[in-house]
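One letter stands for each residue in the lines below.
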Amino acid sequence: MTMDADFNPPAGVAEQLAPDLRRILAPNPSPMTWRGTNTYIVGRGQVALIDPGPAIPAHFDAIMEATKGEVITAILVTHSHTDHSPLARPLAEATGAPVMAYGDSTAGRSEVMADLVARGLTGGGEGIDAGFRPDRILQDNEDISGPDWTLQALWTPGHIGNHLCFAWGDALFTGDHVMGWASSLVSPPDGDLTQFMASCARLAARDDAVYHSGHGAPITRPAKRIQWLINHRLSREAQILAALGDRPATVAALTKQVYTDTPPALIPAAERNVFAHLIDLTTRGHIKPMKTLSQDAEFIRL
């Protein structure tokens, strides 16, 4: 389910989405970023910047041009993937604004994922900004305010442990947790499906009118989209459990059964997705690894 086929704004142009909201598209289109990363400017005069984006000089220039005559007072980062956070530090140095986020790239990591990291599991190439360090750590439900705006930080781990959404009136900036053009990537050990589903439930309980995501067009039916995202994951879980049957199977074997039409180049990402589900199912007591939990383990249903 994608809703962004017609979304193709010009990169580097500040587009007005609401009276106090502008969006600038970064020039970093790819299979993982769709048309590119959305940077948002909230307020007028003294403004907040949400997701400064990748370290591309042209995007830095576009942000500085769009805010000429204004003061950036806060640089908010939804999460520290390399398409969202690297430009934060150059902008902070240029403007004096503090970089605010939940923490560095390991913040919010669950015990299960921390244990996998300690035993050698590395990321799957999702582009972690390993050097990211915010000037101010934001707590869950903390408010950040300017003269004419207030944003509330909501901790929504899952895509990565340090992921935040930002509530602004009846709108929610959802980063990469909810997007209109694709489902969110959840790749261990940075991605955690147990956390992701809990964060989805949290957002589903809210009454937001619109989502502004890290990639793609505004999501104008957020309740429908978050329910689709939950159902998509539950459907994938059911496929994996059916493929597992009553005999032990590995991540690689299950991926071949579930992702039958996936191009070879995307199989590693599909295996990460299956592993994310297997970790979640293990955590919830539905399956178990034959030996130690790892991507090479054989799993069996309980």
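Up top is the structure.
Residues numbered from 1 in each chain as written. Predicted model: local features only at pLDDT ≥ 70, side-chain atom pairs only at ≥ 80, totals over all residues. Heavy atoms only, no water.

A. Summary view of helix 7 (residues 267–283). For helix 7, built from 17 residues, the straight-helix expectation of 24 Å at 1.5 Å per residue is met to within 8% by its first-to-last C-alpha distance of 24 Å. Along helix 7, the residues classified as buried are Ala270, Arg272, Asn273, Val274, Phe275, Ala276, His277, Leu278, Ile279, Asp280 and Leu281. Contacts from the buried residues of helix 7 go to helix 3 (111–118), helix 4 (193–204), helix 5 (222–244), helix 6 (251–258), strand 14 (287–289) and strand 15 (298–301). Positive phi appears at Gly285, one or two residues downstream of helix 7, with a value of about 80°. (Helix = DSSP H or I, 4+ residues; strand = E, 2+ residues; numbered from the N terminus. Expected span 1.5 Å × (residues − 1). Buried < 20%, exposed > 50% of the residue type's maximum accessible area, 1.4 Å probe, protein only. Contact = heavy atoms within 4.5 Å.)

B. Just the state of the cysteines, in detail. In the structure shown here, the tally under the stated rule is zero disulfides. Residue Cys165 stays outside any disulfide, its sulfur separated by 9.5 Å from that of Cys200, the closest cysteine. With a relative accessible area of 0%, Cys165 lands in the buried category. With a relative accessible area of 0%, Cys200 lands in the buried category. (Disulfide = S-S within 2.5 Å.)

C. Focus on the sheet that holds strand 11 (residues 171–175). Read from one edge to the other, the open sheet built from five strands follows the order 8-9-10-11-12, with strand pairing classed as mixed. Of all strands in the sheet, those with a lone pairing partner are strand 8 (143–146) and strand 12 (210–213), marking the two edges. Taken pair by pair, the neighbouring strands of this sheet meet at an average axis angle of 25°, ignoring direction. Here strand 11 runs beside strand 12; their pairing, made up of four bridges, is parallel. Counted as the bridge partner of Gly175 is Ser213 from strand 12. Lying over the sheet, helix 4 contacts strand 9 (149–155), strand 10 (164–168), strand 11 and strand 12, oriented at roughly 140° with respect to strand 9. (Pairing = 2+ DSSP bridges. Axes fitted to C-alpha atoms, helices over the stretch in contact; angles between N-to-C directions.)

D. Expanded view of the nonpolar core. Judged by nonpolar contacts, the single largest core of 22 residues is most densely connected at Leu116, Leu254, Val274, Phe275, Leu278, Ile287 and Phe299. When residues of this core are traced back to their parent elements, those giving at least two are helix 3, helix 5, helix 6 and helix 7. It is helix 7 that contributes the most residues to this core, six residues altogether. For Phe275, the residues in contact, after removing those within four places along its chain, are Leu116, Leu121, Pro188, Val251, Leu293, Ser294, Gln295 and Phe299. One finds Met100, Ile144, Ala171 and Phe173 within the second-largest nonpolar core, a separate group that totals 21 residues. (Core = buried A, V, L, I, M, F, W, Y, C linked by side-chain atoms within 4.5 Å.)

E. Here's a closer look at the sheet that holds strand 6 (residues 99–101). If you walk across this open sheet you meet the seven strands as 1-2-3-4-5-6-7, and the pairing is mixed. Bordering the open sheet on either side are strand 1 (15–18) and strand 7 (136–137), each of which pairs with just one other strand. Pairing of strand 3 (residues 38–42) with strand 4 (residues 46–50) involves three bridges; the strand directions are antiparallel. In the strand pairing of strand 4, Tyr40 is matched with Ile50.

F. Region of the structure containing unusual backbone geometry. The amide bond that connects Pro188 to the next residue, Pro189, takes the cis arrangement and shows omega of 5°. Unlike most non-glycine residues, Asp51 shows phi in positive territory, near 60°. In this structure, Asp51 sits in the loop between strand 4 and helix 1 (57–66). Relative accessible area serves as the criterion here: at 2%, Asp51 is assigned to the buried category.

G. Summary view of the pairing of strand 8. The pairing of strand 8 with strand 9 spans four bridges and is classified as antiparallel. Within strand 9, the position partnered with Gly146 by the bridge is Trp149. The hairpin formed by strand 8 and strand 9 contains two residues between the paired strands.

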